[in-house]
Amino acid sequence: MSTSVLTDRLLPQRVDNTYRGYKLAIWLFGAVVLMKLAMSLNSIFNGYVVASSADGIPLDTFSSAAARTVVALFAIWGLAHLMICLLCMLVLARYRSMVPLMLALLLLEHLSRRLILQFLPIVRTGTPPGFFVNLVLLALMIAGLALSLRSQSNPRVKEL
């Protein structure tokens, strides 16, 4: 695939509902958005449990104020992800030409977060299940992005 075709797929000249990649990428994108939506709402409304169990942060060893601060930061982070999910749902419903870009942005956010945690690690207890959920999300985003950037063997462009 040439660089200009790749750029045109990632940054389409027209933002519309015309999608040129594999249909499976839309399903993978939808699965990622659904998982991230559930995670964001859970972080907002159930932050203590998410931080302590899913992410393995030992909140019970923190002072009360420190634990509340961590839970508040989880809720704020969940709200930011909720806003991104709302944009992704808009892309799914109306602007499917933006699916590759949104997958690339979700992947960039995910990898950037992992990089930050390499330099500023969080103390965790055990191997929290959140690690495995994030691994699945990473795989889905990579596969979805690759499939959304590839052309289907049928050269016809369909408006979904």
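Our subject in this report is the structure included herewith. (Residues numbered from 1 in each chain as written. Predicted model: local features only at pLDDT ≥ 70, side-chain atom pairs only at ≥ 80, totals over all residues. Heavy atoms only, no water.)

**Observations concerning the packing of helix α4 (residues 64-93) against helix α5 (residues 99-119)**
Two numbers describe how α4 lies on α5: the axes approach to 10 Å, and their chain directions differ by 160 degrees. With respect to α5, the element α4 is oriented roughly antiparallel. Handedness of the α4/α5 crossing: left-handed. Contacts between α4 and α5 involve Trp77, His81, Ile84, Leu87, Cys88 and Val91 on the former and, on the latter, Val99, Met102, Leu106, Glu109 and Arg113. The residue makeup of the contact of α4 with α5, split by class, is eight nonpolar, one polar and two charged. (Axes fitted to C-alpha atoms, helices over the stretch in contact; angles between N-to-C directions. Helix = DSSP H or I, 4+ residues; strand = E, 2+ residues; numbered from the N terminus. Parallel < 35°, antiparallel > 145°, perpendicular 65-115°, else oblique. Left-handed = near helix turned anticlockwise from the far one by under 90°. Contact = heavy atoms within 4.5 Å. Nonpolar A, V, L, I, M, F, W, Y, C, P; charged D, E, K, R; others polar.)

**Structural notes on the side chain of Arg113**
Its place among the elements puts Arg113 in helix α5. Once you skip the residues sitting within four places of it in the chain, Arg113 turns out to touch Lys36, Trp77 and Asn134.

**Considering the pattern of salt bridges**
All chains considered together, the criterion is met by three salt bridges. With a closest N to O distance of 3.9 Å, Glu109 and Lys36 form a salt bridge. Taken as a pair, Glu109 in helix α5 and Lys36 in helix α2 (residues 23-45) lie far apart in primary sequence, 73 residues in all. Judged by its relative accessible area of 23%, Glu109 falls in the partly exposed class. (Salt bridge = Lys/Arg side-chain N within 4 Å of Asp/Glu carboxyl O. Buried < 20%, exposed > 50% of the residue type's maximum accessible area, 1.4 Å probe, protein only.)

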